[in-house]
Structure formats: C-alpha cells, structure tokens
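Spelled out, the chains give:
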Amino acid sequence: MSEVFMYADETGNLDYNVSGGGSKYFGIGTATFVGDHDQAVWQGHRLRLAHSRAGLAFPRGYHAKNDNYRTRKEVYDVIRAQAPRFDATFLAKENAHDSKREKGDLHLYREAWYLHFKEIAKQVTVQGDILYVVVATLGTSARKKAFEDAIREVCEDCAPSRRDVVVCTWDSSTSWGLQVADYGLWAVQRKLERGDAGFMWAVEPTLSSFSRPWG
C-alpha cells in the first residue's frame, strides 16, 4: 500500500464567451507526489523564507500568473528538482455542444474534472493505495460549496476499484503542492494558448499527459 498525493488546480474562466475575451480553454492540472514528500514541502517553505529575507513578501504563497519573472524562475528551479508528475486536461470551449453550454459553468468545471480524474487516478495508483486528492478552492460561499460537491461526486463515482480516495479542498496559500500544480498548469496553458514555452523546461520532463478531449 502506498500513499499518493494528487494536487489539483484550474485555469481559464468558466464561461463560453470566447469571442468576448474569455479564455479559449478551461483546464485542470495536477501535480502528483508518491509517498513521503515532506522534503519537497520543506523546500517550498524554505524558498518563501529566503524571499522574505530578501525583502519579498509572499503572504499567500506563490501564484504563477502574478509572480514576476525572477520569482517564477526560482520557483520553477525548485519544482524541476522535485520532479512531481504533471498531468493536464484542457477543454476547447468553442467546440462545446449547445447542450453543454446550456448547463452552465458548474457543468463545465465538473466535466473537466471528470475527464481528468477518471484517467489520471487509475494511472497514479494501484489497488490498495490511499489517494489524497487536494483541490484548490474555487469561488465563494454557495458557489464554493457547489464546486466542492462536484469534485466529491466525481471522485466517488470514478474512483478506481479498491483505492481509498480522500478529498481535501484547501486554499492554495496553505499548500506547497497546490502552488506546484498552479505553476505546472500555468506553463502548459501559456504554451497552448500563446505558443510561449518559456517555462516548459521545468514541467515537460515529468508531464505525463496533456489531453484535449474536445479538440
């Protein structure tokens, strides 16, 4: 029996108004560590301490979209050395059927999570494993609860046989693993939507799957 830790984040806006400035894709990405990764968590903590000593405050941790180039480079250096498994699933919103569009943003999120989780959970575990699924919280109040319920429903319905799946929904600022997932997904999204592979050097060596089921 092994413990497997899957950290999940999302990217893109949850609507289909692509022509109005919305993202072309909605994506789910995961960073997976197998077994004890206390040292990886400590390295992330030490990096924040080093930045604080240099006068750079990251009270809510790292977020690739908001961090500057130098910070990204330093975070990606640590991530590459840690080498978690990365997986990404992107849905091309302009290719969605009308029936899916009519179901709204919660359905889009659930569909992306379903298509990602049902495949990756089987690949990263074997029978008897404990799979911890740690997902970055999304939205506020009632919407937050709806998204959390969708995650748990998918995990219950699609969990591979004889795996103990534990679902956690955490603020990304509380978890180095979630910040790693954010950084991995940001690099892949930049390459996909902008052709900018500037930080793929840190992610691509352990990018195990990159799925676009809607084309």
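Values in this document were obtained by computation on a predicted structure and should not be read as measured data.

Draft legend 1. Structural detail: helix H6 (residues 176-194). Compared with the 27 Å implied by 1.5 Å per residue over 19 residues, the 26 Å span of H6 between its first and last C-alpha is a close match. Where H6 begins, the capping side chain belongs to Ser-175, and its oxygen is found 3.3 Å from the backbone nitrogen of Gly-177. Just downstream of H6 lies Gly-195, where phi reads positive at about 70 degrees.

Draft legend 2. Local environment of the environment of Gln-189. Here Gln-189 shows up in helix H6. Residue classification places Gln-189 among the buried residues on the basis of a relative accessible area of 13%. Spatially, the C-alpha atoms of Gln-189 and Tyr-25 are 8.6 Å apart, while their sequence positions differ by 164 residues. Once you skip the residues sitting within four places of it in the chain, Gln-189 turns out to touch Thr-11, Phe-90 and Arg-194.

Draft legend 3. Highlighting the packing of helix H2 (residues 69-82) against H6. It is the contact of H2 with H6, at a shortest axis distance of 11 Å, that shows an interaxial angle of 105 degrees. Classed by the angle they form, the pair H2 and H6 counts as roughly perpendicular. Residues Thr-71, Arg-72, Val-75, Tyr-76, Val-78, Ile-79 and Gln-82 of H2 form the contact with H6, whose participating residues are Trp-176, Val-180, Tyr-183, Trp-186 and Ala-187. Looking at the contact of H2 with H6 residue by residue, the classes come out as nine nonpolar, two polar and one charged.

Draft legend 4. Expanded view of the sheet that holds strand S2 (residues 25-34). Taken in spatial order, the six strands of this open sheet run S5-S4-S1-S2-S3-S6, and their pairing is mixed. At either end of the open sheet lies a strand with only one pairing partner, and these are strand S5 (164-170) and strand S6 (207-211). The average undirected angle you get between the axes of adjacent strands in this sheet is 15 degrees. In this structure, strand S1 (residues 3-11) lies alongside strand S4 (residues 130-136), joined through six bridges in parallel fashion. Across the sheet, Val-4 pairs through a bridge with Leu-131, a residue of S4.

Draft legend 5. Summary view of the nonpolar core. Counting residues in each nonpolar core, the largest one holds 35 residues, and the members touching the most others are Tyr-76 and Ile-79. Going through the elements one at a time, S1, S2, helix H1 (38-53), H2, strand S3 (85-92), S4, H6 and helix H7 (200-203) are the ones with two or more residues in this core. Counting residues per element, this core draws most heavily on H6, at 10 residues. If we ignore the near neighbours within four places in the chain, the residues touching Tyr-76 are Tyr-183, Trp-186, Ala-187, Phe-199, Trp-201, Ala-202 and Val-203. Grouped together as the second largest cluster of nonpolar side chains are 29 residues, Tyr-16, Phe-26, Phe-147 and Ile-151 included.

Draft legend 6. Looking closely at the side chain of Ser-173. Its place among the elements puts Ser-173 in the loop between S5 and H6. Residue Ser-173 is classed as buried on the basis of its relative accessible area of 16%. Among residues more than four places away in sequence, those in contact with Ser-173 are Arg-48, Arg-60 and Gln-179.

Draft legend 7. Structural context of the environment of Val-78. Position of Val-78 relative to the elements: it lies in helix H2. Taking the C-alpha atoms as reference points, Val-78 and Val-180, 102 residues apart in sequence, are found 9.5 Å from one another. Not counting residues up to four positions away in its chain, the partners in contact with Val-78 are Gln-43, Leu-47 and Trp-176.

Draft legend 8. Here's a closer look at the pattern of salt bridges. Applying the stated criterion across every chain yields a total of 12 salt bridges. The partner of Asp-77 in a salt bridge is Lys-73, and the shortest N-O contact between them spans 2.9 Å. Taken together, the positions of Asp-77 and Lys-73, both in helix H2 and four residues apart, correspond to about one turn of that helix. Given a relative accessible area of 33%, Lys-73 falls into the partly exposed group. The residue Asp-157 makes a salt bridge to Arg-110 at a minimum N-O spacing of 3.8 Å. With a gap of 47 residues between them, Asp-157 in helix H5 (residues 141-158) and Arg-110 in helix H4 (residues 104-124) connect regions that are remote in the sequence. In the salt-bridge network here, residues are joined through shared partners; they are Arg-110, Glu-153 and Asp-157.

Conventions and cut-offs
- Residues numbered from 1 in each chain as written.
- Predicted model: local features only at pLDDT ≥ 70, side-chain atom pairs only at ≥ 80, totals over all residues.
- Heavy atoms only, no water.
- Helix = DSSP H or I, 4+ residues; strand = E, 2+ residues; numbered from the N terminus.
- Expected span 1.5 Å × (residues − 1).
- Polar contact = N/O pair within 3.5 Å; in protein donor to acceptor, adjacent residues only side chain to side chain.
- Buried < 20%, exposed > 50% of the residue type's maximum accessible area, 1.4 Å probe, protein only.
- Contact = heavy atoms within 4.5 Å.
- Axes fitted to C-alpha atoms, helices over the stretch in contact; angles between N-to-C directions.
- Parallel < 35°, antiparallel > 145°, perpendicular 65-115°, else oblique.
- Nonpolar A, V, L, I, M, F, W, Y, C, P; charged D, E, K, R; others polar.
- Pairing = 2+ DSSP bridges.
- Core = buried A, V, L, I, M, F, W, Y, C linked by side-chain atoms within 4.5 Å.
- Salt bridge = Lys/Arg side-chain N within 4 Å of Asp/Glu carboxyl O.

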